[in-house]
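Given next are the chains, with one letter for each unit.
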Amino acid sequence: MKKLTILSGAGISAESGIKTFRDGDGLWENHNIADVASPEGWRKDRELVLEFYNQRRRQIHEVEPNDAHKLIADLEKYFEVEIITQNIDDLHERAGSTNILHIHGELLKSCSCNNKSLIYEQKEDIKIGDKAEDGAQLRPFIVWFGEDVPLMKEATKKAKEADIFLVIGTSLQVYPAAGLIHEIKDDCLLIVINPNETSFGYGQRAVVMKETATRGMKLLFDKLVNLA
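1. Some words on the packing of aromatic side chains
Applying the stated rule across the entire model yields 4 aromatic pairs. Between Y53 and W144, the ring centres sit 6.4 Å apart and the planes meet at 35°, which makes this aromatic pair tilted. Highlighted residues: Y53 in helix 4 (residues 46-60) and W144 in the loop between strand 8 (138-142) and helix 7 (152-161), separated in sequence by 91 residues. Relative accessible area serves as the criterion here: at 1%, Y53 is assigned to the buried category. In this structure an aromatic cluster arises from ring pairing among W42, F52, Y53 and W144. A cation sits over an aromatic face here: R56 above F52, 4.5 Å from the ring centre.

Here it is as structure tokens:
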């Protein structure tokens, strides 16, 4: 089977009702990103950070995967599908996809604030005083701005092995994820689904579809299957 690697971003989840902060104003749900998504923000006000992610976690219990998520899951019948997602929700999983790499972390997990290898399932709120087994406060299992992205090595390997590389729902403005398209093979087919006018430095090699994630996947699905 051909290897289809998919890099997904906030645009695919936005169609399920999950808000994105990359709308140009630098705010996420009326919060400055540095206050809720950085180690400095955590040191400054843990309660604010925990409540911010508690609200995000409650929200994903209320939304459902959309047609783009479901069509991507259906592609596993025809390809060896690997998903690299910048999203911290579980919508790919709930749609039925089985090979997902969350490079920016997962909202439904927590970890020790002193040791990110101590990881726990986290369906409910995290409160001040909730401790990991090392006695440290639990924090969201999220890669914040300024932190290392430990899964990038694995993501890069998946990009290098792809026969088809599909970018969907992201303008690729966040590094190091944005650099993955420069890792694909010369003969890898690059497809970009994004309604906004963007250039990721891919030159003329990409098939660009200026569509939303759901409409783009509906238009692309049969064409992809024919390439399997």
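There's more to say after this.
2. Details of the packing of helix 5 (residues 67-74) against helix 8 (residues 213-227)
Running from N to C, helix 5 and helix 8 cross one another at 35°; their axes reach a closest spacing of 8 Å. Here helix 5 runs over helix 8; the crossing is left-handed. Contacts from D67, A68, L71, I72 and D74 in helix 5 reach A213, T214, M217, K218 and F221 in helix 8. Classifying every residue of the contact of helix 5 with helix 8 by side-chain character gives 6 nonpolar, 1 polar and 3 charged.

3. Considerations on the state of the cysteines
If you walk through the whole model with that rule in mind, you get 0 disulfides. Residue C113 stays outside any disulfide, its sulfur separated by 8.1 Å from that of C111, the closest cysteine. For C113, a relative accessible area of 22% gives the class partly exposed.

4. Quick look at the pattern of salt bridges
Applying the stated criterion across every chain yields a total of 19 salt bridges. Residue D163 pairs with K185 through a salt bridge whose shortest N-O separation is 3.3 Å. Taken together, the positions of D163 in the loop between helix 7 and strand 9 (164-168) and K185 in the loop between strand 9 and strand 10 (189-193) put the pair 22 residues apart, joining distant regions of the chain. According to the relative accessible area criterion, D163 is partly exposed, its value standing at 29%. You can call K185 partly exposed: its relative accessible area is 30%. One connected set of salt bridges, linked through shared partners, spans K3, E80, K157 and E161.

5. Examining the nonpolar core
With 22 residues, the main nonpolar core has I103, A155, F165, V167, L180 and L190 as its most contacted residues. For this core, the secondary structure elements donating two or more residues are helix 7, strand 9 and strand 10. Examining the composition of this core, we find that 3 residues originate from one element, helix 7, more than from any other. Membership of the second largest hydrophobic core comes to 21 residues, among which are L4, F79, V81 and M209.

6. Overview of the environment of I33
Along the chain, I33 turns up in helix 2 (residues 33-36). For the pair I33 and F145, spaced 112 residues apart in sequence, the C-alpha to C-alpha distance is 8.7 Å.

7. Things to note about the pairing of strand 10
In terms of burial, strand 10 is largely enclosed, as 4 of its 5 residues are buried. Note that strand 9 and strand 10 share 5 bridges and pair parallel. In the sheet register, F165 faces strand 10, and the bridge partner there is L190. Looking at chain direction, strand 10 and strand 11 (residues 206-209) are connected through 4 bridges and run parallel. Paired with I193 across the strands is M209, a residue of strand 11.

Rules used throughout
Residues numbered from 1 in each chain as written. Predicted model: local features only at pLDDT ≥ 70, side-chain atom pairs only at ≥ 80, totals over all residues. Heavy atoms only, no water. Phe/Tyr/Trp six-rings, centres within 6.5 Å; stacked < 30°, edge-to-face > 60°. Helix = DSSP H or I, 4+ residues; strand = E, 2+ residues; numbered from the N terminus. Buried < 20%, exposed > 50% of the residue type's maximum accessible area, 1.4 Å probe, protein only. Lys NZ or Arg CZ within 6 Å of the ring centre and 35° of its normal. Axes fitted to C-alpha atoms, helices over the stretch in contact; angles between N-to-C directions. Left-handed = near helix turned anticlockwise from the far one by under 90°. Contact = heavy atoms within 4.5 Å. Nonpolar A, V, L, I, M, F, W, Y, C, P; charged D, E, K, R; others polar. Disulfide = S-S within 2.5 Å. Salt bridge = Lys/Arg side-chain N within 4 Å of Asp/Glu carboxyl O. Core = buried A, V, L, I, M, F, W, Y, C linked by side-chain atoms within 4.5 Å. Pairing = 2+ DSSP bridges.

Geometric values such as these leave the question of function open.
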